Amino acid sequence: MSSEVAARRDAKKLVRSPSGLRMVPEHRAFGSPFGLEEPQWVPDKECPRCMQCDAKFDFLTRKHHCRRCGKCFCDKCCGQKVPLRRMCFVDPVRQCAECALVSHKEAEFYDKQLKVLLSGATFLVTLGDAEKPETMVCRLSGNQRYLLLEGDSRHEIEITRISAVQVLTEGFQAGEKDSHAYTSLLGSQPVSEGGNARATGMSLQYTAPGAEGTTQLKLTAGEDASASRRQSTAWLVAMHKATKLLYESRDQ
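The name recorded for the protein chain in an unreviewed UniProt entry is Zinc finger FYVE domain-containing protein 21 isoform X1, from Mustela putorius furo.

Okay, here's the thing in structure tokens:
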């Protein structure tokens, strides 16, 4: 990919919406797949009372719209200003208590796990019907749209084309040698870095542009130095979280 195309893909612009300033992709097609669209606000005439506590709006009790769900609330029920990165807001924005809780939880992904995905990790990679795995660094692209695989060869996979993810974990519970967790974009089970279970690999199914059917990509964490292994495990956990957010974005 040329530097000019890459720059165009990552270009951003500052826009003002009724909810606040947003730093959005200059070209809509290159927006983050984890992003959410701004909701339509419930019209003022349709909400004479707070949609949480039922307080009647008047001169003293003003109405406010939650920037995440678009519903009407009083200041007591919608007084928190919380970062909302999935909508690209520059500053924290007003949210109702329920939405603020969700946004706080998502902050961990942006503050921690997204950085892990962008940094990348080393895996043994088996692509499609390849007979032998190849050692490659797997990372998320800067605009969060592509999974980049770099080794002796180089591949790009658009993550919106990923349809299912199988996460392999290694457990050490009494009476068990191994345990396995499966997740798809239609639902998921938790995978964690710590505890008795450790992610050791991942199998993704995706549709390549112009291809019929799906292609499988298998990532396996190596058995080398512990620091590298921990990095690979953290990357797998972060990717698991990313697929959950991706599903949520598709569902909204």
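Another point: the state of the cysteines. As enumerated under the stated definition, the model contains one disulfide in all. With its sulfur 2.4 Å from that of its partner, Cys47 forms a disulfide with Cys72. Pair noted here: Cys47 is in the loop between strand 2 (20-25) and strand 3 (64-65) and Cys72 is in strand 4 (residues 72-73), with a separation of 25 residues, a long-range link. Cys72 matches Cys47 in its accessibility class, with the two residues each being buried. The thiol sulfur of Cys74 is not disulfide-bonded, and the nearest other cysteine sulfur, from Cys77, lies at 3.7 Å. Here Cys78 stays free of any disulfide, with the sulfur of Cys66 as its closest cysteine sulfur at 5.1 Å.

Topologically, Gln144 is positioned in the loop between strand 8 (134-140) and strand 9 (146-150). Residue contacts for Gln144: discarding those within four places in its chain leaves Ser32, Pro33, Phe34, Leu114 and Ile159.

Attention now moves to a nonpolar patch on the surface. Together, Leu14, Met23 and Val90 make up an exposed nonpolar region whose accessible area comes to about 260 Å². Relative to the elements of secondary structure, Leu14 occurs in strand 1 (residues 12-17).

Each value, and the rule that gives it
Residues numbered from 1 in each chain as written. Predicted model: local features only at pLDDT ≥ 70, side-chain atom pairs only at ≥ 80, totals over all residues. Heavy atoms only, no water. Disulfide = S-S within 2.5 Å. Helix = DSSP H or I, 4+ residues; strand = E, 2+ residues; numbered from the N terminus. Buried < 20%, exposed > 50% of the residue type's maximum accessible area, 1.4 Å probe, protein only. Contact = heavy atoms within 4.5 Å. Patch = residues over 30% accessible without salt bridge, like charges linked within 9 Å, V, L, I, M, F, W, Y side chains within 5 Å. Areas by Shrake-Rupley, 256 points an atom, 1.4 Å probe, with all protein chains shown as cover. Salt bridge = Lys/Arg side-chain N within 4 Å of Asp/Glu carboxyl O.

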